[in-house]
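# Analysis of the macromolecular model
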Amino acid sequence: MKRFFLSLIVILFTSCNKSDLQQNSKNKVIETKLDYYERCRILVLEQNTLNQDFGFTKKGKEIDEQVVTYLGNIITSKKDTLKILNSVHYTGVYDDSKRGSGQVYIYTVHNKLLGFYNLGSADAVPSNIENKELIFKYNNESCNQTTKISLKDSIPRQIFIQCTKEGGDIYNLETVHN
């Protein structure tokens, strides 16, 4: 009987391979990063200050900076309140080689994340809200168009942001699974 339990213990320890442990460790690191970035966005929502950039720098060897802006609220036709945030996340090894990616986040009135659009470029985030619409204004050498996205009736699953008269980009809503 002792041999049976000893064999069972040995089998249990050897069946937990190193790659499973590494994968679990990676998942925990990703969750920690998401928790940090989400906490930064919630802090900005709690400040309730419109159109002010809030910068957050995560300590480490590489650049990990986030600039979050609260654009304001949109009250839908169903009388729900949507809170809209911009976030630009800068990463890189050196300050002169850092890259920025932009997102627009949509929250409930109780600061619960509904979803976000990952816009890629730091220049792609909306500039403001007008008449229940997100206003995307490009004004650079690559893009020169303005796009209005209405959130009055619903949150679109996809949005098209016009870059030039010839075209633009489609972005998908990333929803949160709780």
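- Looking up the protein chain in an unreviewed UniProt entry gives the name Lipoprotein, with the organism given as Chryseobacterium candidae.

## Comments concerning the pattern of salt bridges
- Counted under the stated rule, the structure contains 3 salt bridges.
- Arg41 is the salt-bridge partner of Glu38, the closest N and O atoms lying 2.7 Å from each other. Pair noted here: Glu38 and Arg41 are both in helix 2 (residues 18-47), with a separation of 3 residues, about one helical turn. Of the two residues, Glu38 and Arg41, neither departs from the other in class, the shared state being buried.
- Across the salt bridge formed by Asp95 and Lys98, the nearest N and O atoms sit 3.4 Å from each other.

## So, the sheet that holds strand 3 (residues 81-92)
- Strand order across the open sheet formed by 7 strands is 1-2-3-4-5-10-9, with antiparallel pairing between neighbours. Bordering the open sheet on either side are strand 1 (53-57) and strand 9 (158-164), each of which pairs with just one other strand. On average, adjacent strands in this sheet sit at an angle of 25° to one another, irrespective of strand direction.
- Here strand 3 pairs with strand 4 (residues 99-107) via 9 bridges, running antiparallel. Across the sheet, the residue bridging to Ser87 is Gln103, located in strand 4.

## Details of the layout of surface pockets
- Volume-wise, the second largest pocket comes out at about 160 Å³.
- Every residue along the wall of the second largest pocket is listed here: Thr76, Lys78, Asp80, Thr81, Leu82, Thr108, Val109, Asp153, Ser154 and Ile155.
- Grouping the amino acids of the lining of the second largest pocket by side-chain chemistry returns 3 nonpolar, 4 polar and 3 charged.

## Some points on the pairing of strand 3
- Of all 12 residues that make up strand 3, 9 are buried, and the element is covered over most of its length.
- Across 12 bridges, strand 2 (residues 63-75) lies against strand 3 in antiparallel orientation. By the bridge assignment for strand 3, Tyr70 is matched with Leu85.

## Remarks on the nonpolar core
- With 23 residues, the main nonpolar core has Ile84, Tyr117, Leu119, Ile159 and Tyr171 as its most contacted residues.
- Among residues more than four places away in sequence, those in contact with Leu119 are Gly102, Gln103, Val104, Ala124, Val125, Pro126, Phe136, Ile159 and Tyr171.
- Of all hydrophobic cores here, the second largest spans 14 residues; its members include Tyr36, Phe56, Val68 and Leu113.

## Observations regarding the sheet that holds strand 6 (residues 128-130)
- Taking strand neighbours across the sheet as the criterion, the 3 strands line up as 6-7-8 in an open arrangement whose pairing is antiparallel. Of all strands in the sheet, those with a lone pairing partner are strand 6 and strand 8 (146-150), marking the two edges. For this sheet, the mean angle separating the axes of adjacent strands, direction not counted, is 35°.

## What to know about the environment of Asp80
- Inspection of the secondary structure puts Asp80 in the loop between strand 2 and strand 3.
- As for Asp80 and Val109, which are separated by 29 residues in sequence, their C-alpha atoms are 7.9 Å apart.
- Setting aside its immediate chain neighbours within four residues, Asp80 contacts Ile74 and Ile75.

## Description of the state of the cysteines
- Tallied over the entire structure, the rule returns 1 disulfide.
- Put simply, Cys143 and Cys163 are joined by a disulfide, and their sulfur atoms are 1.8 Å apart. Linking Cys143 and Cys163, the disulfide has an S-S dihedral of approximately -80° and is accordingly described as left-handed. With Cys143 in the loop between strand 7 (133-137) and strand 8 and Cys163 in strand 9, this residue pair connects regions lying 20 residues apart in the sequence. Neither residue differs from the other here; Cys143 and Cys163 are each classed as buried.

How each quantity is defined
Residues numbered from 1 in each chain as written. Predicted model: local features only at pLDDT ≥ 70, side-chain atom pairs only at ≥ 80, totals over all residues. Heavy atoms only, no water. Salt bridge = Lys/Arg side-chain N within 4 Å of Asp/Glu carboxyl O. Helix = DSSP H or I, 4+ residues; strand = E, 2+ residues; numbered from the N terminus. Buried < 20%, exposed > 50% of the residue type's maximum accessible area, 1.4 Å probe, protein only. Pairing = 2+ DSSP bridges. Axes fitted to C-alpha atoms, helices over the stretch in contact; angles between N-to-C directions. 1 Å grid on protein atoms, 1.4 Å probe; cavity = no way out; pocket = protein on both sides within 12 Å on 5 of 7 lines; lining within 4 Å. Points joined across faces, edges and corners; volume = space filled by probe spheres on them. Nonpolar A, V, L, I, M, F, W, Y, C, P; charged D, E, K, R; others polar. Core = buried A, V, L, I, M, F, W, Y, C linked by side-chain atoms within 4.5 Å. Contact = heavy atoms within 4.5 Å. Disulfide = S-S within 2.5 Å.

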